[in-house]
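Here's the letter readout for the chains.
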Amino acid sequence: MAVRFLFKDFYFITSIMEKTSFDSMPEFSGGHVWLAGAGPGDPGLITLLCAHALQHADVVVYDALVGPAILEMAGPKAVMKYAGKRGGKPSPKQPDITLSLIEFAREGKRVLRLKGGDPFVFGRGGEEAMRLAEAGIPYRIIPGITAGVGGLAYAGIPLTHRDHNSAVTFLTGHGASGEVPENINWRAIAEGSPVIVIYMALKHLPNITEKLLSAGREGNEPVAFISRATLPKQTVLETRLSRCVDDAGATGIEPPALVVIGSVVSFREHLDWLKPHTESAL
Ligand code: SAH
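Asks: Is there a simple way to explain the packing of aromatic side chains in this structure?
Replies: The geometry of an aromatic ring pair is captured by the separation of the ring centres together with the interplanar angle, meaning the angle of the planes. Throughout the structure, instances matching the rule amount to five aromatic pairs. On the basis of an interplanar angle of 5 degrees and a centroid distance of 4.1 Å, the ring pair of F28 and W34 is categorised as stacked. Look at F28 and you get buried, because its relative accessible area is 4%. Overall, W34 belongs to the buried group, its relative accessible area being 2%. Here a set of aromatic residues connected by ring pairs shows up, and it is made of F122, F170 and Y199. In this structure, R140 packs its charged tip against the face of W34, placed 5.5 Å from the ring centre.

And the structure:
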């Protein structure tokens, strides 16, 4: 199954926008910052509003999770600025990124701040929007498909299924301190959330699984690791909670990756429509 993005697809999108939605698209004015989510990876999953923003931006300030095929949709004169942060590598500081957004806007530029997934889901979009609001810069938020939704769809795992769960929890395994976030009530989540989707879970996986197991989750509960979700190299590892640390270590999960815990993982047996590189530790 190809999830590659082709130039003809790009023209398809622009022609759709010209035919139907352009009139209803908001004008991207100079001096404004648009904070947009680019979705989990597959360029076909960006919104028309995000494509519109890419075509009209003077400056695009983008994160590490935004892939080249999406950046290619920017207009030919757009200045592309990388502001990615990846664990362990030198990266621009958050205050410098927001300051550069404010400066570009004050120069009268149309500034697109482009983030992976959704900008308001574990992406510091809230912090950046707050700085813009404080500085009096006009801004717009363009939601995107978050990895914890799009990634599960591409892995054939329904986030909810009424015979299995009526609740789901999204959480991050990595707090502001670099450790597992301290303000998570693991017992409450273990007892109250049948499905748990964890972003940035790999580094502290042993700690997280230990917390869930000691709070009463079953060791044989299905777990999936979805790596590079929605991208051509998407891989999924299916395992169980008690063994997932060892299995993840033995398989070598490539970031970015999500961890999904819950019985809905077993639907993959029937719903793995993409069937790319599947690994099973079962
Ligand atoms: N704002 C983003 C999340 C940024 S935090 C969103 O809404 O999706 C970064 C984490 O998101 C990664 O560590 C990983 O857990 C998850 N992630 C983002 N893109 C992913 C992808 N294509 N595949 C798997 N996980 C992904």
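Asks: Help me understand the pairing of strand β10 (residues 257-261) in this model?
Replies: With respect to burial, β10 is a largely interior element, five of its five residues being buried. Taking every second residue as pointing to the same face, both faces of β10 are buried, with A257, V259 and I261 on one and L258 and V260 on the other. With four bridges connecting them, strand β7 (residues 195-199) and β10 associate as antiparallel partners. Residue V197 lies in a different strand from β10, and its bridge partner there is V260. Where strand β8 (residues 222-227) lies against β10, five bridges are found, and the strand directions are antiparallel.

Asks: Teacher, can you tell me more about the nonpolar core here?
Replies: Soluble, globular proteins show a tendency: their nonpolar side chains are buried together. Counting 23 residues, the largest nonpolar core has I198, L212, F225, V259 and I261 as its most contacted members. Of all the secondary-structure elements, those providing two or more residues to this core are α7 (186-192), β7, α8 (205-214), β8, α9 (244-251) and β10. Among all residues touching I261, those that are not within four sequence positions of it are P194, V195, I196, I198, L212, R217, E221, P222, V223 and L241. Within the second largest apolar cluster, 21 residues are counted, among which are L54, Y62, L71 and A74.

Asks: Quick question: what am I supposed to make of the packing of α8 against α9 here?
Replies: Angle between the axes and distance between the axes are the two parameters that describe a pair of packed helices. Look at α8 against α9: their axes get within 9 Å of each other, and the N-to-C directions meet at 160 degrees. Here α8 is positioned roughly antiparallel relative to α9, judged by the angle of their axes. Crossing geometry of α8 relative to α9 is assigned as right-handed. Contact with α8, carried on its side by L205, P206 and T209, involves C244, V245 and A248 of α9 and no other residues of that element. Tallied by class, the residues present in the contact of α8 with α9 amount to five nonpolar, one polar and no charged.

Asks: What's the story with the pairing of strand β4 (residues 111-115) in this structure? I'm lost.
Replies: The two faces of a sheet get side chains in turn, since along a regular strand they alternate between them. Counting buried residues in β4 gives five out of five residues, a clear majority hidden from the surface. Here β4 shows no split at all, with V111, R113 and K115 on one side and L112 and L114 on the other all buried. Sheet topology places strand β1 (residues 33-37) next to β4; five bridges connect them, and they run parallel. The partner of L35 across the bridge, within β4, is R113. Here four bridges tie strand β2 (residues 59-62) to β4, and the two strands are oriented parallel to one another.

Asks: What's the story with the site of the ligand in this structure? I'm lost.
Replies: Close to the ligand lie 17 residues; P40, V121, T146, A229 and A257 are nearest. At 2.6 Å, a side-chain N or O of T146 approaches an oxygen atom of the ligand. Here an oxygen atom of the ligand and a backbone polar atom of A147 are 2.9 Å apart. A class-by-class count of the residues in the shell around the ligand yields 12 nonpolar, three polar and two charged. Counting contributing residues, the shell around the ligand receives three or more from each of domain 1 (2-145) and domain 2 (148-280).

Calculation criteria
Residues numbered from 1 in each chain as written. Predicted model: local features only at pLDDT ≥ 70, side-chain atom pairs only at ≥ 80, totals over all residues. Heavy atoms only, no water. Phe/Tyr/Trp six-rings, centres within 6.5 Å; stacked < 30°, edge-to-face > 60°. Buried < 20%, exposed > 50% of the residue type's maximum accessible area, 1.4 Å probe, protein only. Lys NZ or Arg CZ within 6 Å of the ring centre and 35° of its normal. Helix = DSSP H or I, 4+ residues; strand = E, 2+ residues; numbered from the N terminus. Pairing = 2+ DSSP bridges. Core = buried A, V, L, I, M, F, W, Y, C linked by side-chain atoms within 4.5 Å. Contact = heavy atoms within 4.5 Å. Axes fitted to C-alpha atoms, helices over the stretch in contact; angles between N-to-C directions. Parallel < 35°, antiparallel > 145°, perpendicular 65-115°, else oblique. Left-handed = near helix turned anticlockwise from the far one by under 90°. Nonpolar A, V, L, I, M, F, W, Y, C, P; charged D, E, K, R; others polar. Near = heavy atom within 4 Å. Polar contact = N/O pair within 3.5 Å; in protein donor to acceptor, adjacent residues only side chain to side chain. Domains from an automatic or database assignment.

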